[in-house]
Amino acid sequence: MLLIGYDLGSSSVKASLVDSKTKKVLALAQYPEREMTIDAPQENWAEQHPSDWWSNVCKVTDLLFENTEFCRTDVIAIGIAYQMHGLVTLNSDNEPARPAIIWCDSRAVSIGDKAFEEIGRKNCLEHLLNSPGNFTASKLKWVQENEPETYKTIRKIMLPGDYIAFKFTQKFTTTNTGLSEGVFWDFKNDQLSETIMDYYGFDYDLIPKIVPVFSNQGKITSAIANEFGFDPNTIVSYRAGDQPNNAFSLNVLEPGEIAATGGTSGVVYGVVDQLKFDPNNRVNTFAHINHTEKQRRLGVLLCINGTGSAYAWLRNNLAEDMDYFELETLANSIEIGADGLSFLPFGNGAERMLQNTIIAAQFEGLQFNKHKLAHMVRACIEGIAFSFVYGIKCMHELGLDPSVIKVGNDNMFQSSIFAKTIATLTHAEIQVKETNGAVGAAIGAGFGANKIESLKVAFDQENIIKTYQADKSKLEAYTKAYEKWLKLLETKIK
């Protein structure tokens, strides 16, 4: 009996095939090889078309089975992880009414800020644990105000993962974790937020049926069974945003545990059991995958928009003929601090960590007679790592002070420069595990389909493949470079 996990990112779709009994990973696939396009019709906008996501799900499924001996008909359950905070709108024909407005789009910042003040900061933080900010609810309000004719055609709104589940099942469903990440969820009353719905003037019928994160969320349609070659009794049984799911895949489930990812965006994600919020609105709190009304498990999420996207920009524009391992070698030829060159990686819209400031990415201190590509690569990696360190220091104020940070063996954490910089400046051990979000989604599907007995045994094998410790001998050099970087950042956000 096989489990499939899909991880819908903004750069690619990853998929995994897992044995439901042994939890062994049988196959992995990713499509496309290079980053998916993000459209920007206007400055600080970011859109993708849901039909492209679905097309890539179909293609990655073919790749998953291409070089394996396993039968598609043995698939029993599907898990879905997805890029958070996006807005998908479906019309009466069940087609997207417009392109999806994705997580790094900044057009709704002013709408959310206005709602924060008019609803009341205290009310929002105590009930929503967040400002309405630039999240899904505020993006929908932008459509209502700026594209009224399109808004009139909307039958249902969805998060990206809800859309993929719909394509498999033709059922309109969402989860409380998903609604919380869209800032539609009232934690005090444990229900859809009437305050947000009424303040923004949304019809309650726009919200799909709420189903548990781990559950039978719908059987695939006969048409999908035929197209994919799956057993017609296959179910979708797990769904979560990419960051809660990544934390799950790293076995981060209990209060005080910390996970981090360095994909297109960078995230530090910690679990707490209290209704905590940041009064400065630099980090956000959402329902974790195992959150219930009786047993609170909340994910405190710090997001940095420009991480892997910053590194990909540098590669695509300055070193297109080199892969990331070659860039790492190049950067290793340069000392810590990149000979005075600093890089701010915040070029992907409004940064919540910087209180929704848009400061743009930039190199500082560039000298033509001294700095070469190697310096720029080193400064880029360090600048991204410094942004993680800055964010972790913000999270200390919420009581999260990690001695261990769990990460997957992919994306930015494949860079030893990146990982060692963070470990040294935070004094935390970084544990790199052989897993990814698609594997987590498959394991989630197994638990949701009652094929894995408990969350406790879901990851009974930790599978740590390497660790990074603080390098005390280089702490002074790292600290000097970080403080120079921090001084530059502070001049931009004052």
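Preceding this paragraph is the structure being described.
Summarised in this report is the structure supplied together with it.

Each value, and the rule that gives it
Residues numbered from 1 in each chain as written. Predicted model: local features only at pLDDT ≥ 70, side-chain atom pairs only at ≥ 80, totals over all residues. Heavy atoms only, no water. Buried < 20%, exposed > 50% of the residue type's maximum accessible area, 1.4 Å probe, protein only. Helix = DSSP H or I, 4+ residues; strand = E, 2+ residues; numbered from the N terminus. Pairing = 2+ DSSP bridges. Right-handed = clockwise from strand over helix to strand, strands pointing away. Core = buried A, V, L, I, M, F, W, Y, C linked by side-chain atoms within 4.5 Å. Contact = heavy atoms within 4.5 Å. Lys, Arg positive; Asp, Glu negative; His and termini not counted. Salt bridge = Lys/Arg side-chain N within 4 Å of Asp/Glu carboxyl O. Axes fitted to C-alpha atoms, helices over the stretch in contact; angles between N-to-C directions.

1. Quick word on the pairing of strand β21 (residues 429-433)
Across the 5 residues of β21, 4 count as buried, placing the element largely inside the fold. Where strand β20 (residues 404-408) lies against β21, 5 bridges are found, and the strand directions are parallel. Bridging across to β21, Ile405 finds its partner in Ile430. A crossover connection joins β20 to the parallel β21 through helix α14 (residues 416-426); in handedness this β-α-β unit is right-handed.

2. With respect to the nonpolar core
Grouped together as the largest cluster of nonpolar side chains are 104 residues, with contacts concentrated most on Phe184, Ile422 and Ile430. Sorting elements by how many residues they give to this core places helix α13 (residues 373-395) first, with 14 residues. Excluding anything up to four places from it in sequence, Ile430 contacts Ile405, Val407, Phe413, Ala419, Ile422, Ala423, Lys466, Thr467 and Tyr468. Counting residues in hydrophobic clusters, the runner-up holds 42 residues, among them Cys58, Leu90, Met158 and Ile224.

3. Remarks on the side chain of Arg315
Within the secondary structure, Arg315 sits in helix α11 (residues 308-318). There is no salt bridge for the buried Arg315, and the closest opposite charge comes from Glu35, which lies 5.4 Å off by N-O distance. Leaving out residues up to four positions away in the same chain, Arg315 has contacts with Arg34, Glu320, Met322, Asp323, Tyr324 and Leu327.

4. Quick look at α14
Among the 11 residues of α14, 9 are classified as buried, and the element is accordingly described as predominantly covered. If you check which residues of α14 are buried, you get Ile417, Phe418, Ala419, Thr421, Ile422, Ala423, Thr424, Leu425 and Thr426. On its buried face, α14 sits against α12 (324-332), α13, β20, β21, β22 (464-468) and α17 (475-493).

5. Here we look at the sheet that holds β22
Read from one edge of the open sheet, 7 strands run β16-β17-β15-β14-β20-β21-β22, paired in mixed fashion. One side of each edge strand has no neighbouring strand; the edge strands of this open sheet are β16 (284-287) and β22. On average, adjacent strands in this sheet sit at an angle of 30 degrees to one another, irrespective of strand direction. Of the pairings in the sheet, the one linking β16 to strand β17 (residues 298-304) comprises 4 bridges and is antiparallel in character. If you follow Asn284 over to β17, its bridge partner there is Leu301. Docked against the sheet, α14 engages β20, β21 and β22, running at close to 60 degrees with respect to β22.

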